[in-house]
Amino acid sequence: RQMCIRDSDGAVRALALSDDGRTLVVGGDDNLVELWDVARGTIIGAPLRGLGGAATAVQISDDGNSVLAGSDAGECKVWNRNEYAETVEFKADA
C-alpha cells in the first residue's frame, strides 16, 4: 500500500508505526503530530497540538494509547491518544 503524506507547512521530519501496523504517527515542520490509518490512508481525528517547534521525533506506546513527540525547541510531550489530551510535558533547561 502506498500513502501520500504531506505536511501542511513544510517537511515531514519523523515517522513511527504502531506495533500492530495499523497506525502511523507523523511529525513535521508545522509543529503538529498526526495519526494516520494505514489501511485507509487517512488522518485519524484532529492533529495533536502544542509543540513549540518542529516535531523531530515521534513514538506510539505499545498499547497504542499514548503518543510521544520531541521537538527541535527542546521539549517533549505525551498525549493520551483517545482523549487528544496532553498528559506530560518535558522541557530542556535553557
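Residues numbered from 1 in each chain as written. Predicted model: local features only at pLDDT ≥ 70, side-chain atom pairs only at ≥ 80, totals over all residues. Heavy atoms only, no water.

### A closer look at the sheet that holds strand β3 (residues 33–37)
(1) Moving on: Spatially, the 4 strands line up as an open sheet ordered β1-β2-β3-β4, and their pairing is antiparallel. The sheet terminates laterally at β1 (12–17) and β4 (42–43), the two strands that pair on one side only.
(2) Moving on: Here β1 pairs with strand β2 (residues 23–28) via 5 bridges, running antiparallel. Within the sheet, the bridge partner assigned to Ala16 lies in β2 and is Val25. (Pairing = 2+ DSSP bridges. Helix = DSSP H or I, 4+ residues; strand = E, 2+ residues; numbered from the N terminus.)

### Quick word on the environment of Asn80
(1) Moving on: For Asn80, the position within the fold is in strand β7 (residues 75–80).
(2) Moving on: In this structure, the C-alpha to C-alpha distance between Asn80 and Leu68, residues 12 residues apart in sequence, is 9.1 Å.
(3) Moving on: In this structure Asn80 touches Asn65, Ala85 and Thr87, once residues within four positions along its chain are discounted.
(4) Moving on: In terms of polar contacts, Asn80 uses its side chain to reach the backbone amide nitrogen of Asn82, at 2.8 Å.
(5) Moving on: Engagement of the side chain of Asn80 in a polar contact is seen with the backbone nitrogen of Glu83, the distance being 2.9 Å. (Contact = heavy atoms within 4.5 Å. Polar contact = N/O pair within 3.5 Å; in protein donor to acceptor, adjacent residues only side chain to side chain.)

### Brief notes about the sheet that holds strand β8 (residues 85–91)
(1) Moving on: Read from one edge to the other, the open sheet built from 4 strands follows the order β5-β6-β7-β8, with strand pairing classed as antiparallel. Since the sheet does not close on itself, it has two edges, and those belong to β5 (55–60) and β8, each with one partner. Neighbouring strand axes in the sheet, compared pairwise and without regard to direction, differ in orientation by 15° on average.
(2) Moving on: Strand direction decides the pairing type here: β5 and strand β6 (residues 66–71), joined by 5 bridges, are antiparallel. Counted as the bridge partner of Ala55 is Ser71 from β6. (Axes fitted to C-alpha atoms, helices over the stretch in contact; angles between N-to-C directions.)

### Observations regarding the nonpolar core
(1) Moving on: Val25, Val33, Leu51, Val58, Val67, Ala69 and Trp79 are the most contacted members of the largest nonpolar core, which totals 13 residues.
(2) Moving on: For this core, the elements supplying multiple residues, two or more each, are β1, β3, β5 and β6.
(3) Moving on: Sort the elements by how many residues they give to this core and β5 lands first, with 3 residues.
(4) Moving on: Discounting chain neighbours no more than four positions away, the residues touching Leu51 are Asn31, Val33, Ala69, Ser71, Glu75, Lys77 and Trp79. (Core = buried A, V, L, I, M, F, W, Y, C linked by side-chain atoms within 4.5 Å. Buried < 20%, exposed > 50% of the residue type's maximum accessible area, 1.4 Å probe, protein only.)

### Describing unusual backbone geometry
(1) Moving on: You will see that Asn31, though not glycine, has its phi angle at about 70°, which is positive.
(2) Moving on: Mapped onto the elements, Asn31 comes out in the loop between β2 and β3.
(3) Moving on: A residue is classified by how much of its surface remains accessible, and Asn31, at 24% relative accessible area, is partly exposed.

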